[in-house]
Amino acid sequence: MIPVQEVADDVEPAGDGAGGRRCESLLDLVGNTPVLRVSTPLPQQHPGFWAKLESVGPATMKARAALSMLRGARARGELRPGEAVVESSSGTLAVGLAYVGAALGHPVVIVADSELDAMTRTLLRAHGARVEIVSRPHPVGGWQRARLERVRELLDELPGAYWPDQYNNPDNPAGYRALGRELTEQFERLDAVVCSVGTGGHSAGIAAALRERWPEVRIVGVDSPGSSVFGQPSGRRLMRGLGSSIHPDNVAYGQFDEVHWVGPAEAADACRRLAAGCFVTGGWSTGAAAMVAAWCANDLGTDRVAAVFPDGPNRYWESVYDDDFCRQHGLVPVATHPSEVETVAESAGLPWARCRAVADPCGRRDADRAPCPVCEEETTP
């Protein structure tokens, strides 16, 4: 077990520590997030695991990706000073782009859909972002394709505007390599790291950095039922922030040792248990990753397991933490451990499934990340 350092009540915080930084720019606040040991039963007892608390940052985990993508575009001359940034986002990256856009002097236009929570919509506008809402999903590509079609229109309307394309932009995972390096500095050893998967950015960037230090570390992906990222048929998903109806180019399939699909009832239950048991909690991605990390700690018999908690609970007061919402959607957890399946097809319909056979459903190799021709045709503006 990794020892926890005892700190006396009268110890003053160090002036050069995370809490004592003197920052000249908003960008100085991005990164260097703490880890916290979690021992709350989820729902069973476990040896403990370590939560990487990205909610401590001012714009959650996605500020890392936003900063990397905009800096990369500026360096290549694709984003000129003062020009607009236009992106499709269901929420978290939108906040990160608004934050980095404010720091770098770029107006930000976010294309979201009617399922974007009211709090995020209001805060984005308060922070100066323009929010465009699409009212209905595309009959084939769902909300993501509907949003991307609106992005296409806005790029025509706003000359010089830049589209980061978070799902396929290699600057997205590059922005998370620092997160991986932070973990290698915070621990002498980790046996497993658990990441939710949506665009594929943070898992790809973290895995690349971790395996430079620990080649045998177990990388565990967490997806949503009804997400096509790892090959399930695309369907309606209640959870936001993980999963996708397309196959993002940034998903590094070859880095994963296994993938779990965690349902909304189990994820919401984990969020609430975290809130009551250790105060630190978050949304759907956090709950799902926490469930899997607790299971991995039991499976390995060690607390040398880390999970990335992408954001905090604030955006989810109308969903995860609302009793009426949970009753309306029948969010009663039934799975306390994953069902082991040998193929992705067997995972469909299960509340929590685990598969150790991970492959790109489009047949691409990580060494040659050519775009999926089907997804490229459906989503490229």
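Remember, predicted model here, so these are calculated numbers, not experimental data. (Residues numbered from 1 in each chain as written. Predicted model: local features only at pLDDT ≥ 70, side-chain atom pairs only at ≥ 80, totals over all residues. Heavy atoms only, no water.)

A. How the structure looks around the overall build of the chain. The helix and strand inventory of the chain stands at 11 helices and 11 strands. The C-alpha radius of gyration computed for the chain amounts to 20 Å, which stays within 12% of the reference 21 Å derived for 381 residues, consistent with globular compactness. The burial tally for the chain puts 54% of its 381 residues in the buried class. For the chain, the accessible area works out to roughly 16,500 Å², and carbon and sulfur atoms hold 50% of it. Taken as two groups, the 37 positive and 49 negative side-chain charges of the chain have centres that lie 2 Å from each other. (Helix = DSSP H or I, 4+ residues; strand = E, 2+ residues; numbered from the N terminus. Rg over C-alpha atoms; globule rule 2.2 N^0.38 Å. Buried < 20%, exposed > 50% of the residue type's maximum accessible area, 1.4 Å probe, protein only. Areas by Shrake-Rupley, 256 points an atom, 1.4 Å probe, with all protein chains shown as cover. Lys, Arg positive; Asp, Glu negative; His and termini not counted. Charge placed at Lys NZ, Arg CZ, Asp CG, Glu CD.)

B. Quick peek at the sheet that holds strand S1 (residues 35–38). Spatially, the 8 strands line up as an open sheet ordered S1-S2-S9-S6-S7-S8-S11-S10, and their pairing is mixed. One side of each edge strand has no neighbouring strand; the edge strands of this open sheet are S1 and strand S10 (339–341). Within the sheet, the average angular offset between the axes of one strand and its neighbour, ignoring direction, is 25°. Bridging between strand S2 (residues 49–53) and strand S9 (residues 305–309) involves 4 bridges; their strand directions are parallel. (Pairing = 2+ DSSP bridges. Axes fitted to C-alpha atoms, helices over the stretch in contact; angles between N-to-C directions.)

C. How the structure looks around the sheet that holds strand S5 (residues 130–134). The 3 strands lie next to each other as S3-S4-S5, forming an open sheet whose pairing is parallel. Both outer strands of the open sheet, strand S3 (85–88) and S5, are each paired with one neighbouring strand and no more. For this sheet, the mean inter-axis angle between neighbouring strands, taken without regard to orientation, is 20°. Across 4 bridges, S3 lies against strand S4 (residues 108–113) in parallel orientation. Its bridge partner being in S4, Val86 is matched across the sheet by Val109. Strands in contact with helix H3 (residues 118–126) are S4 and S5; relative to S5, the strand with the most contacts, it is inclined by about 145°. (Contact = heavy atoms within 4.5 Å.)

D. Quick look at the packing of aromatic side chains. Tallied over the entire structure, the rule returns 5 aromatic pairs. Ring geometry for Phe230 versus Tyr253: centroids 5.6 Å apart, planes at 85°, classification edge-to-face. Placement of the pair is Phe230 in the loop between strand S7 (218–223) and strand S8 (258–262) and Tyr253 in the loop between S7 and S8, with a sequence separation of 23 residues. The pair Phe230 / Tyr253 is uniform in exposure class, with both members buried. Connected via pairs of aromatic rings, a cluster forms that spans Phe230, Tyr253 and Phe256. (Phe/Tyr/Trp six-rings, centres within 6.5 Å; stacked < 30°, edge-to-face > 60°.)

E. Summary view of helix H8 (residues 264–278). Here H8 contains 15 residues, and its C-alpha end-to-end distance of 21 Å stays within 8% of the 21 Å for a straight helix at 1.5 Å per residue. Within H8, burial applies to Ala265, Glu266, Ala267, Ala268, Asp269, Ala270, Cys271 and Leu274. Among the structural elements, S1, S8, helix H9 (284–300) and S9 are those in contact with the buried residues of H8. (Expected span 1.5 Å × (residues − 1).)

F. Representation of the domain arrangement of the chain in the model. Partitioning the chain into domains gives domain 1 (26–58 + 170–355) and domain 2 (80–157). Computed over C-alpha atoms only, the centres of domain 1 and domain 2 are separated by 24 Å. Counting residues at the interface gives 15 residues for domain 1 and 16 residues for domain 2. The contact between domain 1 and domain 2 buries some 1,400 Å² in all, and 48% of this surface belongs to carbon and sulfur atoms. Here domain 1 is connected to domain 2 by 4 salt bridges. One can count 7 residue pairs in polar contact (both at pLDDT 80 or more) joining domain 1 with domain 2. Class assignment for the residues of the side of domain 1 that touches domain 2 results in 7 nonpolar, 3 polar and 5 charged. (Domains from an automatic or database assignment. Buried area = accessible area lost by both parts, 1.4 Å probe. Salt bridge = Lys/Arg side-chain N within 4 Å of Asp/Glu carboxyl O. Polar contact = N/O pair within 3.5 Å; in protein donor to acceptor, adjacent residues only side chain to side chain. Nonpolar A, V, L, I, M, F, W, Y, C, P; charged D, E, K, R; others polar.)

G. View of the environment of Leu104. You can see Leu104 is positioned in helix H2 (residues 92–104). Measuring from C-alpha to C-alpha, the distance between Leu104 and Leu67 comes to 9.2 Å, with 37 residues separating the pair along the chain. Setting aside residues no more than four positions away along its own chain, Leu104 makes contact with Leu27, Leu70 and Arg74.

H. Highlighting the packing of helix H1 (residues 62–76) against H2. The interhelical angle for the contact between H1 and H2, taken along N-to-C directions, is 50°, at an axis separation of 8 Å. Between H1 and H2, the interaxial angle falls into the category oblique. Every pair of crossing elements has a handedness; the one defined by H1 and H2 is right-handed. Of the residues in H2, those in contact with Lys62, Ala63, Ala65, Ala66, Leu67, Met69, Leu70 and Arg74 of H1 are Thr92, Leu93, Gly96, Leu97, Val100, Gly101 and Leu104. Class assignment of the residues belonging to the contact of H1 with H2 gives a composition of 10 nonpolar, 3 polar and 2 charged. (Parallel < 35°, antiparallel > 145°, perpendicular 65-115°, else oblique. Left-handed = near helix turned anticlockwise from the far one by under 90°.)

I. Structural view of the pattern of salt bridges. This structure, assessed with the given rule, holds 29 salt bridges. Of the charged contacts, one joins Lys52 and Glu182 as a salt bridge, the two residues approaching to 2.8 Å between their closest N and O atoms. With Lys52 in strand S2 and Glu182 in helix H6 (residues 177–186), this pair connects stretches of sequence that are 130 residues apart. Pair check on accessibility: Lys52 and Glu182 agree, each one buried. With a shortest N-O distance of 2.8 Å, Arg273 and Asp269 are connected by a salt bridge. With a gap of 4 residues between them, Arg273 and Asp269 both fall in helix H8, about one helical turn apart. Given a relative accessible area of 19%, Asp269 falls into the buried group.

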